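Descriptive analysis of the structure
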Amino acid sequence: MKNQLNKSLIERFSRQIVIKNIGIIGQRKILSSKVLVIGAGGLGSPAIEFLVRAGVGKIGIVDNDKITLSNLHRQTLYQTSDIGKFKVKIAKNRIKKTNPNTTINFYKVRLNNKNIKKIISNYDYIIDGSDNFETKFLLNDLCLKLKKVLVIGAISKFDGHIFAFDFKNKKKPCLRCFFQDSEISDNLLNCEEEGVLGTTAGIVGTIQANEVLKKILCIGNTLEGYIFILDLLNLNFRKVKIKKRKACFCNR
């Protein structure tokens, strides 16, 4: 998608363009951006939707699941008539109706160490909406190698964790600096076993999209090198700095 703003695009994004630290220049940056979202579920749905509505020029979606009845309470891109259909196809059709200017690429695959590099290489910003830490570590390691921006989300019940990494900065930590064992990590936030409130997924996924937009625009304070911990039941929020571990993978 070209980053030229015609009359229609200016009207579409007028409420963003009028913001002092976005403007025409910032909107052009958004129109030129390329974002990949891993997982089109509870986190991916709101992230994808708000990125498309913001005008992101190219969005990739990775997911090989079909829509089930139990998805509908939190996965906002889908409705009852979509049950049994592949998420990526429904998501693409829904998104094109929202903003036909965005280029949508979908990958009906499960991310693994054989296909990840080919997919990720075409994008600058990666949003993790996966439901397992095996995938999160896989993303962490390759994004580190390819110097990508990675925003990770995890949810369970009323709780959410968000991490952000810009791997162009070698002095900053990675996910392995915080979590060293994927089996322990998967037990930390597991919405399949412990359940999750739909609004928790929506809030965390929206924050992930917000972090990516700030990185695209180079504005504000980001979560780079931090974990943002949300307890939405008691409205407690913490931003904790992650220390770079000397013996970590990211120092090799």
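Model, not experiment: these values are computed from the prediction.

Looking now at the pairing of strand β7 (residues 226-231). Burial of β7 is extensive: 5 of the 6 residues sit out of reach of the surface. Relative to β7, strand β6 (residues 159-166) runs antiparallel, the two sharing 5 bridges. Bridge pairing links Ile162 to Phe228 in β7. Of the strand pairs in this sheet, β7 and strand β8 (residues 236-241) are connected by 6 bridges, and their pairing is antiparallel. Looking across to β8, one finds that Ile229 is bridged to Arg238. Between β7 and β8, which pair antiparallel one after the other, the connecting turn spans 4 residues, and Leu235 there sits at a positive phi close to 55 degrees.

Moving on, we get to the pattern of salt bridges. Taken as a whole and assessed by the stated rule, the structure comprises 8 salt bridges. Between Asp166 and Lys215 there is a salt bridge, with its nearest N and O atoms 2.9 Å apart. Taken together, the residues span a long stretch of sequence, with Asp166 in strand β6 and Lys215 in helix α11 (residues 198-217) at a distance of 49 residues. The closest approach of N and O atoms between Glu224 and Lys215, which form a salt bridge, is 3.6 Å. Each member of the salt-bridge network shares a partner with another, and the members are Asp166, Lys215 and Glu224.

Taken in spatial order, the 8 strands line up as β3-β2-β1-β4-β5-β6-β7-β8 in an open sheet, and their pairing is mixed. Each having just a single partner strand, β3 (103-107) and β8 make up the two edges of the open sheet. Ignoring strand direction, the axes of neighbouring strands in this sheet form an average angle of 15 degrees. Strands in contact with α11 are β1 (34-38), β4 (125-128), β5 (149-156), β6 and β7; relative to β5, the strand with the most contacts, it is inclined by about 170 degrees.

Thresholds applied
Residues numbered from 1 in each chain as written. Predicted model: local features only at pLDDT ≥ 70, side-chain atom pairs only at ≥ 80, totals over all residues. Heavy atoms only, no water. Buried < 20%, exposed > 50% of the residue type's maximum accessible area, 1.4 Å probe, protein only. Helix = DSSP H or I, 4+ residues; strand = E, 2+ residues; numbered from the N terminus. Pairing = 2+ DSSP bridges. Salt bridge = Lys/Arg side-chain N within 4 Å of Asp/Glu carboxyl O. Axes fitted to C-alpha atoms, helices over the stretch in contact; angles between N-to-C directions. Contact = heavy atoms within 4.5 Å.

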